[in-house]
Amino acid sequence: MKQVIEDFVYKKVIRNILLMSKLGRQSVLGEASTGYNFDHMYTNKPDGYLGIGRIIDYILLHLPAVKATRARKENIIAILAAEIEQRKKNGKVTRIMDVACGAGRYLAELDAKFKESDIEIIGIDYDTKSLILGESIAKSYNVSEKSIRFLKGDIFRLDHLKRLGTKIEWCPHIIIASGLVEYLDDNVVQDVFRQIHEALDDGGCFLFVSQQNNPSRKLMEKVGTTKNGPWILHYRQPSVLCDWLREVGFKDIHFRTDQWGMYDLFTIKK
Ligand SMILES: C[S@@+](CC[C@H](N)C(=O)[O-])C[C@H]1O[C@@H](n2cnc3c(N)ncnc32)[C@H](O)[C@@H]1O
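Residues numbered from 1 in each chain as written. Predicted model: local features only at pLDDT ≥ 70, side-chain atom pairs only at ≥ 80, totals over all residues. Heavy atoms only, no water.

S.K.: Can you explain the side chain of serine 210? Please cite residues and give values.
M.R.: Take serine 210: it is sitting in strand β5 (residues 205-211). Discounting chain neighbours no more than four positions away, the residues touching serine 210 are Val181, Glu182, Leu241, Met262, Tyr263, Asp264 and Phe266. (Helix = DSSP H or I, 4+ residues; strand = E, 2+ residues; numbered from the N terminus. Contact = heavy atoms within 4.5 Å.)

S.K.: So, the nonpolar core: which residues are in play, and what are the values?
M.R.: Burial of nonpolar side chains together is a common tendency in soluble globular proteins. The biggest cluster of nonpolar side chains holds 50 residues, and the ones touching the most others in it are Ile96, Leu110, Ile148 and Ile176. Not counting residues up to four positions away in its chain, the partners in contact with isoleucine 148 are Leu107, Ala108, Asp111, Ile121, Ala138 and Val143. One finds Trp170, Ile175, Leu184 and Leu200 within the second-largest nonpolar core, a separate group that totals 29 residues. (Core = buried A, V, L, I, M, F, W, Y, C linked by side-chain atoms within 4.5 Å. Buried < 20%, exposed > 50% of the residue type's maximum accessible area, 1.4 Å probe, protein only.)

S.K.: Which residues make up the packing of aromatic side chains, and what values do they have?
M.R.: Per the counting criterion, the structure on display carries six aromatic pairs. Centre to centre, the rings of phenylalanine 193 and phenylalanine 206 are 5.8 Å apart; their planes meet at 70°, and the pair counts as edge-to-face. Of this pair, phenylalanine 193 sits in helix α9 (residues 186-199) while phenylalanine 206 is found in strand β5, placing the two residues 13 residues apart along the sequence. For phenylalanine 193, a relative accessible area of 0% gives the class buried. The buried category is assigned to phenylalanine 206, whose relative accessible area is 0%. With a centroid separation of 5.2 Å and an interplanar angle of 35°, the aromatic rings of phenylalanine 255 and phenylalanine 266 are classed as tilted. In this pair, phenylalanine 255 is assigned in strand β8 (residues 252-257) and phenylalanine 266 in strand β9 (residues 263-269), connecting sequence segments eleven residues apart. Aromatic ring contacts, followed pair by pair, group Phe193, Phe206, Phe208, Phe250, Phe255 and Phe266 into a single cluster. Its end group placed over the ring of tyrosine 42, lysine 73 keeps NZ or CZ at 6.0 Å from the ring centre. Over the ring of tyrosine 36 we find lysine 129; its NZ or CZ atom is 4.1 Å from the centre of that ring. (Phe/Tyr/Trp six-rings, centres within 6.5 Å; stacked < 30°, edge-to-face > 60°. Lys NZ or Arg CZ within 6 Å of the ring centre and 35° of its normal.)

S.K.: Explain the site of the ligand to me, and be specific about the residues and the numbers.
M.R.: Of all residues adjacent to the ligand, which total 19 residues, the nearest are Tyr42, Ala100, Asp125, Asp154 and Ser178. Within the side chain of tyrosine 42, one N or O atom sits 2.5 Å away from an oxygen atom of the ligand. At 3.0 Å from a nitrogen atom of the ligand is found a side-chain nitrogen or oxygen belonging to tyrosine 106. Within the complex, the protein chains bury 93% of what would otherwise be the 590 Å² of accessible surface of the ligand. When the residues that make up the shell around the ligand are grouped by side-chain class, the tally is nine nonpolar, six polar and four charged. (Near = heavy atom within 4 Å. Polar contact = N/O pair within 3.5 Å; in protein donor to acceptor, adjacent residues only side chain to side chain. Areas by Shrake-Rupley, 256 points an atom, 1.4 Å probe, with all protein chains shown as cover. Nonpolar A, V, L, I, M, F, W, Y, C, P; charged D, E, K, R; others polar.)

S.K.: Provide a residue-level description of the pairing of β5, including the pertinent values.
M.R.: Across the seven residues that make up β5, a large majority, seven, are buried. In β5, alternate side chains face the same way, and those of Cys205, Leu207, Val209 and Gln211 on one face and Phe206, Phe208 and Ser210 on the other are all buried. The pairing of strand β4 (residues 174-177) with β5 spans four bridges and is classified as parallel. The partner of isoleucine 174 across the bridge, within β5, is cysteine 205. On the question of chirality, the crossover connecting β4 to the parallel β5 by way of α9 is right-handed. Here β5 runs beside β9; their pairing, made up of seven bridges, is antiparallel. (Pairing = 2+ DSSP bridges. Right-handed = clockwise from strand over helix to strand, strands pointing away.)

S.K.: Go over helix α11 (residues 238-247) with me, naming the residues and quoting the values.
M.R.: For α11, the set of buried residues is Pro238, Leu241, Cys242, Trp244 and Leu245. Seen along its axis, α11 keeps its buried residues to an arc of 165°; they face one direction. Two residues or fewer after α11 comes glycine 249, characterised by a positive phi angle close to 115°. (Arc of directions from axis to C-beta.)

S.K.: Pulling in residues and values, what's your account of the packing of helix α3 (residues 35-43) against helix α7 (residues 128-140)?
M.R.: At a closest axis distance of 8 Å, the pairing of α3 and α7 adopts a crossing angle of 40°. The orientation of α3 with respect to α7, classified from their angle, is oblique. From α3, Gly35, Tyr36 and Asp39 reach across to α7, where they touch Lys129, Ser130, Leu133 and Ile137. A class-by-class count of the residues in the contact of α3 with α7 yields three nonpolar, two polar and two charged. (Axes fitted to C-alpha atoms, helices over the stretch in contact; angles between N-to-C directions. Parallel < 35°, antiparallel > 145°, perpendicular 65-115°, else oblique.)

S.K.: Lay out a nonpolar patch on the surface in plain terms, naming residues and giving numbers.
M.R.: A contiguous nonpolar surface patch, about 580 Å² in accessible area, is contributed by Met1, Ile5, Phe8, Val9, Val13 and Ile17. Mapping isoleucine 5 onto the fold places it in helix α1 (residues 2-18). (Patch = residues over 30% accessible without salt bridge, like charges linked within 9 Å, V, L, I, M, F, W, Y side chains within 5 Å. Salt bridge = Lys/Arg side-chain N within 4 Å of Asp/Glu carboxyl O.)

None of the figures reported here should be taken as evidence of function without further support.
Structure follows, in structure tokens:
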């Protein structure tokens, strides 16, 4: 009986309230995990139907899980900027590949901190709407098309990341995967790790983010939907991921957990 009442509250009451706000609407209507939905979290500008929709959006944008997602973006930029600075001191350009980049706001913000000669970025995603938004974000930061390139593609149909690099004569020094592994089954994550290890330049860096928990987990699972069904993620302990990383050959593995106990940000050297 309790379950029936709970389902009614989530699916008939909460869901209808969420439909009024931009983040809520996108999240319940199959667009929860899109790059543009995440970009709305990053920009943090409440939007929705009438004043009430904007108020609901404001509340959603200030949930701990959404604050943690914005913090994730800042942490990615800080880690990458330090890495690029280090390479710059040694007179080296940094090539970055982002697998499942979404709208890539953190890539544009990062790129804007450096000169065109310091950094080259390729972002890959299969969602056209996110890529178009990504291009306009890059323009708004005055980042040139030469410095950030967006490629439309399914990362699992590129045949092989290493072969893609060879084809375009471009070997990444850094590979990023943010908001990806929590959507993938265990065997797929292990395969992605193996491909990334092969595709990375020797001494290159792999930066990825995983989730071990989510303060909004119940809300997401009850009413959120992605293009593939309910917004249900794979929550993993970092130790499991460390084992898989070691199995494919990564040695120098570091991670830190955020203050919400939600995201684990890994920096790994090949
Ligand atoms: C949660 S968003 C994360 C976007 C961005 N990396 C970030 O951290 O804000 C997940 C992104 O992965 C993309 N994606 C998922 N599976 C993909 C695949 N097989 N190939 C390419 N892109 C994929 C989606 O289109 C979406 O933009």
